[in-house]
Structures are given as structure tokens and as C-alpha cells.
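# Architecture and fold: a report
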Amino acid sequence: MSDKSAIEWTDSTWSPVTGCSKVSPGCDHCYAIRETTRHRNLPKYAGLVQPGEHTKEGLKADWTGEVRCHPELLEQPLHWSTPRRIFVASMSDLFHPKVPWAFIIQVFETMAASPQHTFQVLTKRPGRMAYFAENLRHYSSHAWTNTWPPNVWAGTSVESQRYAPRLDCLARVPAKVRFVSVEPMLGPVDLEK
């Protein structure tokens, strides 16, 4: 898969983590499941989705729950000299509970070492992201760990009002830019509440 993206709000994708598991109804039509299914014969994606029944919309697949870290991809953004907006872990969730803290640190080390890029980290698990942010100083001796890197945006998905409490967790992340994805929108969402 190319690192260039057709997603309108980003330039490139970087997936040092692949695989996931559903956490809420917003995951039911996850594009990463669809893309992983399309590329399931590639080693990076093999075994991450379990094909299900055929419906009129196509093959209904689901995650197997396996999550893989790809250390061989950690330095990829360091080789991109032209500044880009990069969607991080587009084929997973960087803050999935199966992604070890040590690997998340390595991902952040790459992002901090690539100030020419803007990294967009979107999660449906903002509580784990907030915990990470609140404990940065305990993870590593690198200078950037005292603060969230300024080129790393923090975002969460809120598909309906039921999941609006994710915003409270996101508010605890001291990112220069915090963003919300209301996609798919499964019901009314009031971001002010």
C-alpha cells in the first residue's frame, strides 16, 4: 500500500501498527477493516481480519483481535523530506491496549524527530492516550518526553452523544492541536456538552 492518502484531511498514512478490535458501534463500518481485507494476502495484513458473510454491501469482515507492531516501519517518516500531514496508525489504533507502551514511545520518538511533518493521531481510546500524555516524563529520558511534541495532533472519534465523554479524555492531552472526528455519525452529537 502507498503512503500517499486519498483521505481528504491528510497527505499520507503511516501504519507502524496494524490490526485492531472493535470498541464501539463506530467501528462497525471501519474502513481499516475493509482495506485490511483487500490486502489480506500481504504479510503485513495476513490474519488480521476474519472474513464473514457476504451481504449486498460486500464481504462483511471483522478484526481477529490481533495487533502487530512493525518496528521496521518506525523510521519511514524520517525519510520523507517534503513536509506532510501524516495520519498515524491508519490501519489500527496507536492506543489499542495491545500496543506496548515501549512501542508507542518509539513512534513518538520518530514523530518528535520529524518536526517538518504534522502527525495526526486519531483514537477511539482517548483515555489511554490521556494516561500516556500525563505520564510522558516517566517513559524515557529523551527531552521531548517532558511535553507532548508540538507537531503531533491528538484526536478522538465521537460517533454519537453516547461517546461524547471521550472528549473529556481528549481535553487532558496537552497537544497543540486537538481534533474530533464525527465519522461515522450514527446519531446527534453536541460537542458543547
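Sequence order as written defines residue numbering, which begins from 1 separately in each chain. Predicted model: local features are reported for residues with pLDDT of at least 70 only, side-chain atom pairs are reported and counted for 80 or more only, and whole-chain, interface and lining totals are derived from all residues. To obtain the side-chain values, all non-hydrogen atoms of the structure were used and water was disregarded.

On to the confidence of the model for the protein, then. For every residue, the predictor reports its confidence as pLDDT, a number between 0 and 100. Looking at the protein, pLDDT values average 88 and 87% of them are 70 or higher. Strands here mean DSSP runs of E at least two residues long; helices mean DSSP runs of H or I at least four residues long; both are numbered from the N terminus. For the protein, per-element mean pLDDT is lowest for strand 3 (residues 49-55), which scores 70, and highest for strand 7 (residues 118-123), which scores 97.

Next up on the list: the sheet that holds strand 6 (residues 85-88). Strand pairing requires that DSSP identify at least two bridges connecting the strands. Taken together, the five strands give an open sheet; going across it, the order is 1-6-7-8-9, and neighbouring strands pair in parallel fashion. The open sheet has two edge strands, strand 1 (12-14) and strand 9 (178-181), and neither has a second partner. On average, adjacent strands in this sheet sit at an angle of 30° to one another, irrespective of strand direction. With three bridges connecting them, strand 1 and strand 6 associate as parallel partners. By the bridge assignment, Trp 14 is partnered in strand 6 with Val 88. Axes here refer to lines fitted to C-alpha atoms; in helices the fit is confined to the stretch in contact. Angles between the N-to-C directions go from 0 to 180 degrees.

Paired rings are identified among Phe, Tyr and Trp, the last through its six-membered ring, by centres lying within 6.5 Å, and are further divided according to the angle between planes into stacked (under 30 degrees), edge-to-face (over 60) and tilted (the rest). All told, the structure shown has nine aromatic pairs when counted by the stated rule. Plain terms: the ring middles of Phe 95 and Phe 108 are 6.5 Å apart, the flat faces sit at 65° to each other, and that makes the pair edge-to-face. In this pair, Phe 95 is assigned in the loop between strand 6 and helix 2 (101-112) and Phe 108 in helix 2, connecting sequence segments 13 residues apart. A 1.4 Å probe rolled over the protein chains alone gives each residue an accessible area, and that area as a share of the maximum for its type sets the label: buried under 20%, exposed over 50%, partly exposed in between. Phe 95 gets classed as buried once you look at its relative accessible area, which sits at 0%. Here Phe 132 and Trp 148 contribute two aromatic rings whose centre-to-centre distance is 6.4 Å and whose plane-to-plane angle is 80°, an arrangement assigned as edge-to-face. Separated by 16 residues along the polypeptide, Phe 132 in helix 3 (residues 126-134) and Trp 148 in the loop between helix 4 (136-139) and strand 8 (152-157) bring together distant segments of the chain. With respect to burial, Phe 132 and Trp 148 carry one shared label: buried.

Moving on to the pattern of salt bridges. The rule for a salt bridge is simple: a side-chain nitrogen of Lys or Arg has to be within 4 Å of a carboxyl oxygen of Asp or Glu. A complete count under the given rule lists eight salt bridges for this structure. Among the ionic pairs, Arg 38 bridges to Glu 35, the shortest N-O distance being 2.7 Å. Taken together, the residues span about one helical turn, with Arg 38 and Glu 35 both in helix 1 (residues 31-38) at a distance of three residues. When its relative accessible area of 57% is taken as the criterion, Arg 38 is described as exposed. The shortest N-O distance in the salt bridge between Glu 66 and Arg 68 comes to 2.8 Å. What makes Arg 68 buried here is its relative accessible area of 18%. Taken together, the shared-partner salt bridges in this structure form one network comprising Lys 22, Asp 28 and Asp 62.

Core analysis: the largest hydrophobic core is formed by 31 residues, its most contacted members being Trp 14, Val 88, Leu 94, Phe 108, Met 111 and Trp 148. Sorting the residues of this core by element identifies strand 6, helix 2, strand 7, helix 3 and strand 8 as the ones contributing at least two each. Residue contributions to this core peak at six residues, all from helix 2. Counting nine residues, the second largest nonpolar core, distinct from the first, contains Ala 32, Ile 33, Trp 63 and Met 91. We define a nonpolar core as any set of buried Ala, Val, Leu, Ile, Met, Phe, Trp, Tyr and Cys residues linked to one another through side-chain atoms lying within 4.5 Å.

On to the environment of Ala 89. Its location among the elements puts Ala 89 in the loop between strand 6 and helix 2. Accessibility expressed as a relative area gives 1% for Ala 89, which makes it buried. C-alpha separation for the pair Ala 89 and Pro 16, spaced 73 residues apart in sequence, amounts to 6.1 Å.

A few words now on helix 2. For helix 2, with 12 residues, the first-to-last C-alpha span of 16 Å sits near the 16 Å given by 1.5 Å per residue. For helix 2, the set of buried residues is Phe 103, Ile 104, Ile 105, Val 107, Phe 108, Thr 110 and Met 111. Multiply 1.5 Å by the residue count of a helix minus one, and that product is the helix's expected span.

Checked against the element boundaries, Ser 90 lands in the loop between strand 6 and helix 2. Judged by its relative accessible area of 5%, Ser 90 is buried. Among the polar contacts listed, one links the side chain of Ser 90 to the side chain of Ser 15, at a separation of 3.1 Å. Not counting residues up to four positions away in its chain, the partners in contact with Ser 90 are Thr 13, Trp 14, Ser 15, Tyr 31 and Ala 32. Pairs of N or O atoms within 3.5 Å make up the polar contacts considered here, provided that, within protein, one atom can donate a hydrogen while the other can accept it, and that residues adjacent in sequence are counted only when both atoms are side-chain atoms. Here, residues are in contact when the closest pair of their heavy atoms is within 4.5 Å.

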